[in-house]
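Spelled out, the chains give:
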Amino acid sequence: VNFLVIADRNNHAIRAMSATCSFICENGGRCISPEQCKCLDGWGGKDCTTPKCTSPCGERELCVGPNICGCIPGYRGEGKGCNKPLCVQECEHGGTCSAPDTCSCLPGWFDANCTTPVCEQTCGNGGNCTAPNTCSCPSEWIGSDCRTPVCHQQCLNGGWCVAPDTCLCPPQWSGHDCGQPVCHQGFFQSYSSMREQDSDSKPIHSYWLSYEPCNITAWCIETNGFDCAQVDRELTLVEAKYGRKYR
């Protein structure tokens with residue numbers, strides 16, 4: 001170390017001063033002059049913190065110490081070179097770590113760690129995608145996309161289930177299961193199921209309607225309605241009087 005010595009007039013040394021650096025010379029380096037470090041072999045830089053490697057480091061490597069190469073952040077060495085990415089999360093369901101903190105997921109999964117399933121169909125009516133292309137449906141709905149309603153009753157007489165426990169009935173039927181006839185008088189139907197010509201040999205078109213009476217007995221059994229009781233009434237025929245003297 002070079003010192004600057006200050007002496008009195010009798011040549012008595014009263015103070016020795018060394019060079020001053022405003023920063024620390026790291027890794028065994030020494031301050032040899034104002035703001036200048038002398039570094040040990042293998043180190044460089046203004047404050048001796050930059051390592052030196054005589055041979056170039058490989059791909060995704062950095063010189064981390066004198067003639068020591070280390071992997072860049074996000075990779076680790078496996079065999080020769082730093083070719084293995086690191087993921088802080090676990091890649092689930094067969095996913096692989098393909099880049100630092102990045103999972104490559106198998107088909108049917110996505111998200112940062114491959115835990116969110118993918119459904120090509122949309123799960124309707126409150127259903128949730130719980131596995132690849134699989135919907136978990138509420139109890140009132142079924143089907144691959146939760147859009148088929150569940151009816152606990154059987155929809156009769158050509159009716160079909162259109163909503164949970166709801167049947168859509170043909171025109172002649174009603175009720176929660178389409179088991180109750182609608183009319184007790186009758187209904188109209190197309191001529192298409194009747195003869196092609198009438199008694200006058202005139203053409204009959206299929207869009208003409210014909211009145212057909214309902215089966216009153218079947219209707220009464222189903223409904224047990226008031227009108228069905230009319231057949232039990234006792235009727236007395238009364239002859240209508242007429243003529244001038246009855247006016």
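Everything discussed here concerns the structure shown above.
This report concerns the structure included in the present document.

Conventions and cut-offs
Residues numbered from 1 in each chain as written. Predicted model: local features only at pLDDT ≥ 70, side-chain atom pairs only at ≥ 80, totals over all residues. Heavy atoms only, no water. Helix = DSSP H or I, 4+ residues; strand = E, 2+ residues; numbered from the N terminus. Buried < 20%, exposed > 50% of the residue type's maximum accessible area, 1.4 Å probe, protein only. Contact = heavy atoms within 4.5 Å. Areas by Shrake-Rupley, 256 points an atom, 1.4 Å probe, with all protein chains shown as cover. Disulfide = S-S within 2.5 Å. Core = buried A, V, L, I, M, F, W, Y, C linked by side-chain atoms within 4.5 Å. Pairing = 2+ DSSP bridges. Patch = residues over 30% accessible without salt bridge, like charges linked within 9 Å, V, L, I, M, F, W, Y side chains within 5 Å. Salt bridge = Lys/Arg side-chain N within 4 Å of Asp/Glu carboxyl O. Polar contact = N/O pair within 3.5 Å; in protein donor to acceptor, adjacent residues only side chain to side chain.

Secondary structure summary: the protein contains one helix and 24 strands in total. Of all 247 residues assigned to the protein, the portion counted as buried reaches 19%. Sequence-distant contacts in the protein: of pairs separated by 6 or more residues, those separated by 24 or more amount to 9%. Just so you have it, the protein exposes about 18100 Å², and 52% of that area is on carbon and sulfur atoms.

Another aspect to go through is unusual backbone geometry. Located in the positive-phi region is aspartate 101, a residue other than glycine, with phi close to 55 degrees. Here aspartate 101 is to be found in the loop between β11 (96-99) and β12 (102-104). Judged by relative accessible area, aspartate 101 falls into the partly exposed class, the value being 42%. At cysteine 146, a residue that is not glycine, the phi angle is positive and equals roughly 60 degrees. Mapped onto the secondary structure, cysteine 146 falls in the loop between β17 (141-142) and β18 (148-149).

Applying the stated criterion across every chain, the model contains 15 disulfides. Here cysteine 39 engages in a disulfide with cysteine 48; their sulfurs sit 1.9 Å apart. What sets the handedness of the cysteine 39 and cysteine 48 disulfide is the S-S torsion sign, and at about -90 degrees it is left-handed. Two residues, cysteine 87 and cysteine 97, share a disulfide whose sulfurs are 2.0 Å apart.

The next point concerns the nonpolar core. Listed in full, the five residues of the largest apolar core are Cys119, Cys123, Cys135, Trp141 and Cys146. Excluding its chain neighbours within four sequence positions, the residues that come into contact with cysteine 146 are Gly124, Asn125, Gly127, Cys135, Ser136, Cys137 and Trp141.

It is worth spelling out the pairing of strand β15 (residues 128-131) at this point. Pairing of β15 with strand β16 (residues 134-136), which is carried by three bridges, proceeds in the antiparallel orientation. In the strand pairing of β16, asparagine 128 is matched with serine 136. Taking the residues that link successive antiparallel strands as the turn, the β15-β16 hairpin has two residues, and the phi of asparagine 133 there is positive, at about 55 degrees.

Bringing a nonpolar patch on the surface into the picture now. Where nonpolar side chains cluster on the molecular surface, the patch consists of Leu62, Val64 and Ile68 and spans about 260 Å² of accessible area. Tracing the chain through its elements places isoleucine 68 in strand β8 (residues 68-71). What makes isoleucine 68 partly exposed here is its relative accessible area of 46%.

Relative to the helices and strands, serine 33 resides in strand β3 (residues 30-33). A relative accessible area of 19% means that serine 33 is categorised as buried. Polar side-chain contacts of serine 33 include one of 2.7 Å to the side chain of glutamine 36.

Our next topic: the pairing of β3. Bridging between β3 and strand β4 (residues 36-38) involves three bridges; their strand directions are antiparallel. Looking at β4, one finds that arginine 30 is bridged to lysine 38. Linkage of β3 to β4, two consecutive antiparallel strands, is achieved through a turn of two residues, within which glutamate 35 is found at a positive phi near 60 degrees.

A word on the pattern of salt bridges. Throughout the structure, instances matching the rule amount to one salt bridge. With a shortest N-O distance of 3.8 Å, arginine 147 and aspartate 145 are connected by a salt bridge. Residue classification places aspartate 145 among the partly exposed residues on the basis of a relative accessible area of 22%.

Our next topic: the environment of histidine 176. Inspection of the secondary structure assignment puts histidine 176 in the loop between β21 (173-174) and β22 (180-181). Each C-alpha atom, one on histidine 176 and one on glycine 159, is 10.0 Å from the other, the two residues being 17 residues apart in sequence. Sequence-distant contacts of histidine 176, that is, excluding residues within four places in its chain, are made with Gln153 and Cys167.

Before going further, it helps to spend a moment on the side chain of glutamine 153. Mapped onto the elements, glutamine 153 comes out in the loop between β18 and β19 (160-163). Given the relative accessible area of 15%, glutamine 153 is considered buried. From its side chain, glutamine 153 meets the backbone oxygen of aspartate 165 in a polar contact 3.3 Å long. Side-chain polar atoms of glutamine 153 contact the backbone oxygen of histidine 176, separated by 2.9 Å.

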